[in-house]
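Now for the letters of each chain:
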Amino acid sequence: MIIMKTDATEEQIAQVITEIKKYGLRADISKGAFRTVIGIIGDETEVDFARLALLPGVKEAMRIETPYKLISREYSKLIEGENEHRVIKVGNIEIGGDNPVFIAGPCAVESKEQLLRIAEGVKKAGAHILRGGIFKPRSSVHSFQGLGAGGQEKAEEALDWLREAGRKFELPVITEIRGESQVDLVAEYTDILQIGARNMYDQDLLTKVAKKGKPVLFKRHFGAGIEEFLSFAEYMVAEGNKDIILCERGIIPIGKGKNYTRYTLDLAAIPAIQKETYLPILADPSHATGRRDLILNMSCAAIAAGASGLMIEVHYNPAEALVDGQQMITPDELKDVIDACQKISKLIVPMRNKK
Ligand code: PEP
Ligand code: MN
């Protein structure tokens with residue numbers, strides 16, 4: 001990391017970048033309210049920081065020993081000052097601002113009618129963003145794989161419904177990208193690109209998705225530690241895309257015998273991650289619990305823990321859903337969740353914003 005003096009000139013900044021490029025490395029340039037900070041992207045072992053520190057306009061040059069730095073508070077503090085929270089704009093919606101954001105919709109898009117009916121319901125309940133899986137990650141090849149599995153034409157048709165439903169009810173839309181071949185197609189239709197838990201480690205996919213320049217919802221793998229999760233988020237920010245929304249969706253439960261929840265919602269990870277990074281973090285109580293009767297409590301808990309919003313699976317008749325019916329709530333229930341969460345958020349956000 002190279003911290004420039006407050007009065008450093010453009011030429012001096014350019015000279016530092018030239019020096020970094022000589023090592024075959026890339027530079028992330030952040031021009032903040034206070035000063036310009038240049039982050040080196042790549043393997044820094046060969047970099048002579050003492051020499052960089054002597055370049056004109058440089059205040060300090062130092063090695064940062066964390067696997068993620070571009071997303072770290074340590075880094076943003078130098079650029080923007082204390083207590084930065086990145087606010088990611090999607091249409092008129094702000095993710096990471098003072099109001100919690102609710103992403104809701106079916107686990108999987110099943111038909112145009114199903115999607116439009118759910119979109120209408122979640123909009124009325126107060127949701128801000130519409131979700132709907134088209135390329136579904138499934139544990140069994142014998143289960144419904146999402147309409148995207150039916151080939152390019154089917155995938156485009158379903159993506160078109162999603163976009164149409166979003167436009168009709170004024171909801172930005174999000175769907176998961178499960179593989180590199182889907183990136184260009186999905187990015188044409190949706191406002192946010194989702195990377196699912198199972199793909200958290202796929203750095204080629206992350207890079208390709210980040211390059212689209214659209215906000216990315218990045219879900220934590222169920223076996224990933226916090227440092228790993230943040231390190232992989234760093235891959236996307238290193239591509240110049242800082243609009244990364246983190247999502248805690250539960251980790252593998254411990255112990256023998258029946259677990260009673262699908263995963264363990266790692267609530268403490270939410271404030272712990274918020275101490276580390278300025279990126280917003282959401283929670284997904286649906287996949288974390290796998291139980292609709294736990295959604296209200298865990299939603300409240302996640303907002304109390306400092307989540308900037310939630311992703312919740314909703315269906316007008318969960319019993320009818322082809323996927324994840326057991327964890328889906330109805331639009332009426334979603335309304336109760338949103339009302340409760342908004343009250344809790346009003347208590348929590350002022351504390352977060354206090355310096
Ligand atoms: C999803 O949100 O549709 C999903 C499959 O979640 P996860 O990747 O967290 O399992
Ligand atoms: Mn699901």
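Residues numbered from 1 in each chain as written. Chains lettered and ligands numbered in written order. Predicted model: local features only at pLDDT ≥ 70, side-chain atom pairs only at ≥ 80, totals over all residues. Heavy atoms only, no water.

### Digging into the packing of helix α8 (residues 226-237) against helix α9 (residues 269-276)
So, point 1. Relative orientation of the contacting elements α8 and α9 amounts to 50 degrees, with a least axis distance of 11 Å. When the axis of α8 is compared with that of α9, the two are oblique. Taken as a pair, α8 and α9 cross one another with a handedness that is right-handed. For the pair formed by α8 and α9, the contact residues are I226, F229 and L230 on the first element and A269, A272, I273 and E276 on the second.
So, point 2. When its residues are assigned to classes, the contact of α8 with α9 shows 6 nonpolar, no polar and 1 charged. (Axes fitted to C-alpha atoms, helices over the stretch in contact; angles between N-to-C directions. Helix = DSSP H or I, 4+ residues; strand = E, 2+ residues; numbered from the N terminus. Parallel < 35°, antiparallel > 145°, perpendicular 65-115°, else oblique. Left-handed = near helix turned anticlockwise from the far one by under 90°. Contact = heavy atoms within 4.5 Å. Nonpolar A, V, L, I, M, F, W, Y, C, P; charged D, E, K, R; others polar.)

### Details of the coordination of the manganese ion (ligand 2)
Angles between donor atoms at a metal ideally measure 109.5 degrees for a four-coordinate tetrahedral arrangement and either 90 or 180 degrees for a six-coordinate octahedral one.
So, point 1. Around the manganese ion (ligand 2), the donor atoms from the protein are C107 (SG), H287 (NE2), E313 (OE) and D324 (OD), and they sit 2.0 to 2.3 Å away.
So, point 2. Within one chain, the residues donating to the manganese ion (ligand 2) are spaced in sequence as C-x179-H-x25-E-x10-D. Pair noted here: H287 is in helix α10 (residues 285-289) and D324 is in the loop between β14 (309-313) and α12 (331-353), with a separation of 37 residues, a long-range link. Both residues of the pair, H287 and D324, belong to the buried class. (Donors = N, O, S within 2.8 Å, 3.2 Å for Na, K, Ca; no water. Buried < 20%, exposed > 50% of the residue type's maximum accessible area, 1.4 Å probe, protein only.)

### Re the nonpolar core
One broad trend across soluble globular proteins is that nonpolar side chains are buried collectively.
So, point 1. Counting residues in hydrophobic clusters, the biggest one holds 79 residues, and the most contacted among them are V122, L130, F218, L246, L310 and L334.
So, point 2. For L246, the contacting residues outside a window of four places in its chain are F218, F229, L230, A233, I273, T277, L279, P280, I281 and L282.
So, point 3. In this structure, A8, I13, I20 and I40 belong to the second largest nonpolar core, which totals 16 residues. (Core = buried A, V, L, I, M, F, W, Y, C linked by side-chain atoms within 4.5 Å.)

### Considering the environment of T175
So, point 1. Within the fold, T175 resides in strand β9 (residues 173-176).
So, point 2. A C-alpha to C-alpha distance of 46 Å links T175 and L55, two positions 120 residues apart in sequence.
So, point 3. Setting aside its immediate chain neighbours within four residues, T175 contacts G132, G133, I134, L159, L162, V186, T190, I192, L193 and Q194.
So, point 4. At 2.5 Å, the side chain of T175 and the backbone oxygen of G132 are in polar contact.
So, point 5. Polar side-chain contacts of T175 include one of 3.5 Å to the backbone nitrogen of I134. (Polar contact = N/O pair within 3.5 Å; in protein donor to acceptor, adjacent residues only side chain to side chain.)

### Things to note about the site of ligand 1
So, point 1. Around ligand 1, the surrounding shell consists of R131, K136, P137, E176, Q194, G196, A197, R198, K219, R249 and H287.
So, point 2. Measuring from an oxygen atom of ligand 1, one finds a side-chain N or O atom of Q194 at 3.0 Å.
So, point 3. Contact distances for ligand 1 include 2.8 Å between an oxygen atom and a backbone N or O atom of A197.
So, point 4. Relative to its unbound accessible area of 300 Å², ligand 1 is 97% covered by the protein chains.
So, point 5. Grouping the amino acids of the shell around ligand 1 by side-chain chemistry returns 2 nonpolar, 3 polar and 6 charged. (Near = heavy atom within 4 Å. Areas by Shrake-Rupley, 256 points an atom, 1.4 Å probe, with all protein chains shown as cover.)

### Comments concerning helix α4 (residues 112-125)
So, point 1. The terminal C-alpha atoms of α4, which comprises 14 residues, lie 20 Å apart, in line with the 20 Å expected from a rise of 1.5 Å per residue.
So, point 2. Where α4 is concerned, the buried positions are Q114, L115, L116, I118, A119, G121, V122 and A125.
So, point 3. Packed against the buried residues of α4 are β7 (101-105), β8 (129-131), α5 (152-168) and α12.
So, point 4. In the segment just after α4, G126 is the residue with positive phi, at about 105 degrees. (Expected span 1.5 Å × (residues − 1).)

### Quick look at the domain arrangement of the chain
So, point 1. Along its sequence, the chain is organised into domain 1 (2-63) and domain 2 (88-354).
So, point 2. Just the C-alpha atoms count here: the centres of domain 1 and domain 2 sit 36 Å apart. (Domains from an automatic or database assignment.)

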